[in-house]
Amino acid sequence: AVQFVELLAVVLVALLAFVRAKGIDGRAERIVGVYLLHLALLRNHLANVAQTITRHSALLNGMKP
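Residues numbered from 1 in each chain as written. Predicted model: local features only at pLDDT ≥ 70, side-chain atom pairs only at ≥ 80, totals over all residues. Heavy atoms only, no water.

Q: For the overall build of the protein, give the residues involved together with the corresponding values.
A: Within the protein, the secondary structure is distributed over two helices and zero strands. Principal-axis analysis of the C-alpha atoms gives the protein an extent of 65 × 15 × 10 Å. Counting all 65 residues of the protein, 12% fall into the buried class. Surface accessibility of the protein: about 5,300 Å² in total, with carbon and sulfur atoms responsible for 67%. (Helix = DSSP H or I, 4+ residues; strand = E, 2+ residues; numbered from the N terminus. Buried < 20%, exposed > 50% of the residue type's maximum accessible area, 1.4 Å probe, protein only. Areas by Shrake-Rupley, 256 points an atom, 1.4 Å probe, with all protein chains shown as cover.)

Q: Please set out the nonpolar core residue by residue, giving values where relevant.
A: Counting six residues, the largest nonpolar core is built from Val 5, Leu 12, Leu 16, Val 32, Leu 36 and Leu 39. For this core, the secondary structure elements donating two or more residues are helix H1 (2-22) and helix H2 (26-63). Sequence-distant contacts of Leu 39, defined by excluding residues within four places in its chain, comprise Val 5, Leu 8, Ala 9 and Leu 12. (Core = buried A, V, L, I, M, F, W, Y, C linked by side-chain atoms within 4.5 Å. Contact = heavy atoms within 4.5 Å.)

Shape descriptors only; they carry no functional weight alone.
As structure tokens, this is what we get:
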């Protein structure tokens, strides 16, 4: 899931570069920027969830006799 979010971020960065190259108004840049921010937050959340799951799995495995 994290890799998919990172791929979306790459696509949005490319879109942002295209928007800037075409000289489209600042509104489009802000929209793409907002999506990039949300993707970064989602990626961080997914990474934190994965880390928590890994930590809990290690604890559970360590508690087994």
